Amino acid sequence: MAKQAAQDPTSDAPEAHAPETQAPEADASDVAAPDRAAQLVQAAREEVLAYGVRRATATSIARRAGVSRMTVYRHSGGIEQLVLEALYGEFEQLVTASAEGADLEASARPQIVRRVTSALHQIRRSPLVQALRQHDPELLLPYLIDHLGRGQELMRTLLREGIELGQRDGSVRRVDPDVAAITLLMALQGFVVSATVVADLADERAIDDEVALLVDRYLAPRLGA
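A word on the nonpolar core
- Core analysis: the largest hydrophobic core is formed by 54 residues, its most contacted members being I112, I123, L132, M155, L159, L188 and V215.
- Ranked by the residues each element gives to this core, the list is headed by helix 4 (residues 79–97), at nine residues.
- Discounting residues that sit within four places of it in the chain, M155 has contacts with V95, A119, I123 and L185.

What follows is the structure, encoded as structure tokens:
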């Protein structure tokens, strides 16, 4: 995973955008741990949207969340981890939303096509993804060359389960679901990480149509098979 310069939670060194008032030194006692974690993740998301990961500071995140700076480190392990949690939350929300309006009478393959196209479209346009792509692309690099992140695993699971359903109803060709899922994931993730390049060369709606065709043709049963 890309490493961010370590921040000393006790350091008195000036930060990139020092707040006008110091972050609270003590947390409100009535804030439950799960709520506090959610507050920290949301605060990190807002900080990245405003400043990017490299300029984000624990003090400013703490101020946004209404907690002490030490709590940022105690509950999260640091800024980068909070950003990754926010990114996964974004993926989870958008992938889940892609199931809305599903035609329950339709076979699995068109449902896979619709969900994948919708999810990619929304992830590509996510403000958080856009901010990371523009300001901190190195944070995404390990998930392209070293290992899958939780968001990618979520999409891979969606693909694999859809393929298994499609094979049962006959709308998806005979293929190892795990192999097909990772193949599609590798083929499709470029439309997210390289969205700026794609946008400069082709209309977004046309790209969505081609993505839908790519997924549909890849999964369709072979004639005579």
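Re the packing of helix 9 (residues 177–188) against helix 12 (residues 204–219)
- Interhelical geometry of helix 9 versus helix 12 gives an angle of 160 degrees and a closest axis separation of 12 Å. As judged from the angle between their axes, helix 9 and helix 12 are roughly antiparallel. As for how helix 9 packs across helix 12, the hand of that crossing is right-handed. Residues A180, T183, L184 and L188 of helix 9 lie in contact with helix 12, whose contacting residues are V211, L214, V215, Y218 and L219.

Some remarks on helix 2 (residues 58–65)
- Along helix 2, six of the eight residues are buried, which leaves the element largely enclosed by surrounding structure.
- Within the sequence span of helix 2, burial applies to A58, T59, S60, I61, A62 and A65.

Remarks on the confidence of the model for the protein chain
- Summing up the model confidence of the protein chain, the mean pLDDT is 83 and the portion of residues at 70 or higher is 84%.
- The lowest-confidence element of the protein chain is helix 3 (residues 69–76), averaging 83 in pLDDT; the highest-confidence one is helix 9, averaging 96.
- Taken together, the stretch residues 1–16 has pLDDT below 50 and engages in 29 contacts with residues farther than four places along the chain or on a different chain.

Thresholds applied
- Residues numbered from 1 in each chain as written.
- Predicted model: local features only at pLDDT ≥ 70, side-chain atom pairs only at ≥ 80, totals over all residues.
- Heavy atoms only, no water.
- Core = buried A, V, L, I, M, F, W, Y, C linked by side-chain atoms within 4.5 Å.
- Buried < 20%, exposed > 50% of the residue type's maximum accessible area, 1.4 Å probe, protein only.
- Helix = DSSP H or I, 4+ residues; strand = E, 2+ residues; numbered from the N terminus.
- Contact = heavy atoms within 4.5 Å.
- Axes fitted to C-alpha atoms, helices over the stretch in contact; angles between N-to-C directions.
- Parallel < 35°, antiparallel > 145°, perpendicular 65-115°, else oblique.
- Left-handed = near helix turned anticlockwise from the far one by under 90°.
- pLDDT = per-residue confidence, 0-100.

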